[in-house]
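Each chain is listed here by its residues.
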Amino acid sequence: MIRRTLFVTLLLLVPLCMSVSADTAARSCSASPPQGTDVHHITISPSGPLSMPADQALNITATAYDSAGTELNVPIAWTSSSGSIQDFGWGDARWSPQTIGSQTVIACTGDVDAVLNVNVQPGAPLTFELSVSQENVTADETLSLTPLLRDQFGNGWIPNIPYTNWALPDGVDISLPNDGTPPTLTPGPVGTMTVSVDWDGWVDSISFNVSRGVVVDIFIEHTSTQVSSDDLVDLCARYTDQRGNTWAANATWSTYAGLANDALSSFSGSCIVFDAGPIGDWTVEVDDGSGMSDSLTLSVESGRLAHISLDGLPTEMHIGDFYLLEADGFDAAGNPVTVDGWNWSVTSGPSTDPIVPDGDGITFVPDKVGQHTIQVMAAGRVQAIDVEVYSGIPVSLEIEILDSIGTQPPVIVTGLSLDLLLYGVDENGNRNPVDVPLEDWFVLNDFGTIENASAGGTGHYTYTSSGIGDVSITVFLNQAHGVLIIHVLEGPLDYLEVIIPVEGDQGTSVQFEIAGFDISGNPVDIHQCSATITTDAGETECDENGWKLDLEKSGELVVHARIQSSEGTSAEGSDFITVHSTWFGWGDNTQVIIASSLVIILFISTILVLLFKHLGHRIEEEIEMIREENEDDEESTPLPPEPLGIGGVMPPPPLGSTPHPVADPLPVPAAAPAFQPISTPAPVVAYDPFTALQPVVEPEPAVIVETVEEDWAQPEPEVEILEPEQPMQSDDEWGMMSGDWDGGGDTLTTSAAEFAQIQHENRRGEGPRDAAEQTLRPLPGTTAGQDGWYFDREGKPTHWTHSDETGWSQE
């Protein structure tokens, strides 16, 4: 019976533990059931979902069952998403959550587990603090005020504090959302503000500084608008923000139509004095120059009536105008006097009963055009005025476009103009052209200008557009106004701007761009590579990254861009770039020095190779010549050595022998006798391979050889003239060409360096240079590097010419 009851109880607990899920997923569990024990599922008691404070502990029990619902006695392990859990063994444990929010506790054995979902609430609060989002705000801003409670584990939350528990400064408002988000404060007066809270035993306060907000209005501060002619009235201009905070404003002062400007002590400043002289209502106006203005009307009183003046009444009017009949009375001293009642009448004029009461005043309401005489009487004083009456005053204005383009709203390309005609429409619908001062025309966003038309007369104006978009043109004439809406389109490409660095080094490259604009300065999309670039600075190249300029020429040079449209129009623009020169027109000077050194080394190496090659050829030629001479000697009959004669003179050769050539320093005349004494033979130099490079005696161009017969008496000697061999350059001559290598002078390297230095100093370059190697700037009309006029260091024009031998020279 007990087992059956336990089984039924287990069956009832299964649907109640829906939130305690059994899972056989692949979780790693530190507990395993005994071998052969089949755990089907695990239940956790109490079942979830639960809700509990973070600072409390929960006793939980996990029970394992087999597939038949039989309780199993197996080890169970516990894990949790937060806090700490104490395992008592065999399914019993105690869990302390510590962290608020949705947490989970897992019981497992083997690959079977169960999950308990718990919503952890904050524990008992231990601390309370009040903070603001920022310590310095303007009167236009709001700030967040955060009351925060924290429990022993640092969990924080915002309580819902009633409005009555807040202490706020005057003018400060608070918004309480009561949804767990911070309240919002709206500051008021400027200064240091302190907000405090006292709720449920928790007390704290916070301070912040409020500065004035953005100006929303300007007004004239005054004490009274009713003054006498003897009073001095202090007036001050004050700014105000949206919270009502005020401060002094430096502004410009005036009166309506300038009628009482003489009463103002100053026309600028924050405060002035109004000297109430004449009686009447005087409007004082103030303007801060940034679009804010205000006005104040002061009423000035005076004494007894002495005479009447109607100077304040206009002598002209239009039918429909409000014409208030007012007279000024003056006392004997000339001060205005207030009169309780005036007796008005029209003594002459075409209108019928034109005097009409209007409230507390009397108005003149004529219905006919023409001159009317108005008379006034008071206290025995009489005064009259003649008033010329014209047609009605416009109650509205209409702006008409001449040569209308037929679209609504009218469309115009920026930069173009429209001719306008302004009509005044009276209360009866009559339209007449009217003139309005240009300062009473207003173009929205200054997208254009209004000017008087050059022809047409009354009411003709010209609107010149600029900007892009819908533009409203508003015109005012007294109380009437008119509005015209025009849609301004983007204009065609008008000009270009070259965006290029201001300077660069010769031999380098710079990137630059081209920007297009219409006639009103609005950007126009262009393709970078559609422009034609003209510049003396060097070659340009365009790709998807823009333009690249190779700086080849130095100086202050212009880069000009031009785009030709398909309609035949063009847009142009240019800018200057200063190109700093380098020694050979590329790279910086350090690179030029390295490259020049390499060139000089290559040049010297080339010369040395050529010299050694030439010497090798010379040695080979000498060896070949000596070899040929030896071969000739071997072919000749060998002779015994001849004894030398007296004084070292060799005796004549024996008869019949082959004569040896004897060098004669002088040629033999044609008429010489048959027999001549043989001159001293040239010295014979034996070949020595170690001295082959020493100087040798060259043969003369012609050699005369005499053949002596046996009897030494021939009628005429046979003369054999040998063809001279081609002379070869002696080593002495070659030594002169090679710079006398065997001497004590400079080496070939030094000579080559001196030659390169002279060539560098005499180079043409970009023009003549001063002592500091700075290139002089050419005058207009002179191309840099060509003969002509250049500015010297003192800015004076000088004439220069160039030659390859001497370089630049000033004439």
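Placed above this text is the structure.
Residues numbered from 1 in each chain as written. Predicted model: local features only at pLDDT ≥ 70, side-chain atom pairs only at ≥ 80, totals over all residues. Heavy atoms only, no water.

### Let's talk about the overall build of the chain
Helix and strand counts for the chain stand at four helices and 61 strands. The 811 residues of the chain split such that 32% are buried. A sequence separation of at least 24 residues applies to 54% of the contacts in the chain between residues at least 6 apart. Total accessible area on the chain is roughly 48,200 Å²; 52% of this is exposed by carbon and sulfur atoms. (Helix = DSSP H or I, 4+ residues; strand = E, 2+ residues; numbered from the N terminus. Buried < 20%, exposed > 50% of the residue type's maximum accessible area, 1.4 Å probe, protein only. Contact = heavy atoms within 4.5 Å. Areas by Shrake-Rupley, 256 points an atom, 1.4 Å probe, with all protein chains shown as cover.)

### Looking at the sheet that holds strand 38 (residues 381–390)
Taken in spatial order, the four strands line up as 30-38-37-34 in an open sheet, and their pairing is mixed. At either margin of the open sheet sits one strand with a lone partner, and together these are strand 30 (316–318) and strand 34 (343–348). Sheet twist, expressed as the average angle between the axes of neighbouring strands with direction ignored, equals 35 degrees. Note that strand 34 and strand 37 (residues 370–378) share five bridges and pair antiparallel. (Pairing = 2+ DSSP bridges. Axes fitted to C-alpha atoms, helices over the stretch in contact; angles between N-to-C directions.)

### Structural notes on the side chain of Arg769
Topologically, Arg769 is positioned in the loop between helix 4 (748–761) and strand 59 (788–791). A polar atom in the side chain of Arg769 sits 3.1 Å from the backbone oxygen of Arg763. Side-chain polar atoms of Arg769 contact the backbone oxygen of Gly767, separated by 3.0 Å. Look past the residues within four positions of Arg769 in its chain and what remains in contact with it is His760, Glu761, Arg763, Arg764, Gln774, Thr775 and Trp808. (Polar contact = N/O pair within 3.5 Å; in protein donor to acceptor, adjacent residues only side chain to side chain.)

### Looking at the side chain of Thr414
You can see Thr414 is positioned in the loop between strand 40 (411–413) and strand 41 (417–425). Within the local environment of Thr414, its side chain forms a polar contact with the backbone oxygen of Gly467, the two atoms lying 3.2 Å apart. Those residues in contact with Thr414 that sit more than four places away from it in its chain are Ser465, Ser466, Gly467, Val488, Leu489, Glu490, Gly491, Asp518, Ile519, Ser520 and Asn522.

### Some remarks on the layout of surface pockets
Reported here for the second largest pocket is a volume of approximately 1,800 Å³. Examining the composition of the lining of the second largest pocket, we find that four residues originate from one element, strand 27 (residues 280–287), more than from any other. Grouping the constituent residues of the lining of the second largest pocket by class yields 27 nonpolar, 13 polar and nine charged. (1 Å grid on protein atoms, 1.4 Å probe; cavity = no way out; pocket = protein on both sides within 12 Å on 5 of 7 lines; lining within 4 Å. Points joined across faces, edges and corners; volume = space filled by probe spheres on them. Nonpolar A, V, L, I, M, F, W, Y, C, P; charged D, E, K, R; others polar.)

### Section: the sheet that holds strand 12 (residues 136–138)
Taking strand neighbours across the sheet as the criterion, the four strands line up as 12-19-18-15 in an open arrangement whose pairing is mixed. Because the sheet does not close on itself, it has two edges, and the strands there are strand 12 and strand 15 (166–167). Looking at chain direction, strand 15 and strand 18 (residues 191–199) are connected through two bridges and run antiparallel. Within the sheet, the bridge partner assigned to Ala167 lies in strand 18 and is Ser196.

### Looking at the state of the cysteines
Applying the stated criterion to the full structure yields three disulfides. Sulfur-sulfur distance for the disulfide between Cys236 and Cys271 comes to 2.0 Å. When the S-S torsion is 110 degrees, as for the bridge of Cys236 with Cys271, the disulfide is right-handed. With Cys236 in strand 22 (residues 232–240) and Cys271 in strand 26 (residues 271–275), this residue pair connects regions lying 35 residues apart in the sequence. Disulfide pairing places Cys529 opposite Cys542 at an S-S distance of 1.9 Å. (Disulfide = S-S within 2.5 Å.)

### What about the pairing of strand 47 (residues 480–489)?
Alternating positions in strand 47 separate cleanly, Ala480, Gly482, Leu484, Ile486 and Val488 being buried on one face and His481, Val483, Ile485, His487 and Leu489 remaining unburied on the opposite face. With three bridges connecting them, strand 40 and strand 47 associate as parallel partners. For Ile412, the partnering residue across the bridge sits in strand 47 and is Val488. Note: strand 46 (residues 469–477) against strand 47, nine bridges, orientation antiparallel. Within strand 47, the residue paired with Ile473 across the bridge is Leu484.

### Points about empty space enclosed by the protein
Evaluated as defined, the whole model comprises three cavities of 30 Å³ or more. The computed volume of the largest cavity comes to approximately 70 Å³. If you trace the largest cavity, you find it lined by Ile158, Pro159, Asn160, Ile161, Trp166, Leu176, Pro177, Asn178, Asp179, Gly180, Thr181 and Pro183. For the lining of the largest cavity, the per-class residue count stands at seven nonpolar, four polar and one charged.

### Notes on the environment of Thr578
Mapping Thr578 onto the fold places it in strand 56 (residues 570–580). Note: C-alpha distance between Thr578 and Gly504 (74 residues apart in sequence) is 6.4 Å. Apart from the residues within four sequence positions on either side, Thr578 is in contact with Val502, Glu503, Gly504, Gly555 and Glu556.

### So, a nonpolar patch on the surface
Taken together, Ile594, Leu598 and Ile601 make up a surface patch of nonpolar side chains, about 300 Å² in accessible area. Take Ile594: it is sitting in helix 2 (residues 589–635). (Patch = residues over 30% accessible without salt bridge, like charges linked within 9 Å, V, L, I, M, F, W, Y side chains within 5 Å. Salt bridge = Lys/Arg side-chain N within 4 Å of Asp/Glu carboxyl O.)

### Regarding the pattern of salt bridges
For the coordinates displayed, the defined rule picks out six salt bridges. Residue Asp787 pairs with Arg764 through a salt bridge whose shortest N-O separation is 3.6 Å. With a gap of 23 residues between them, Asp787 in the loop between helix 4 and strand 59 and Arg764 in the loop between helix 4 and strand 59 connect regions that are remote in the sequence. Here the residues in one salt-bridge network are Arg763, Arg769 and Glu773, joined through shared partners.

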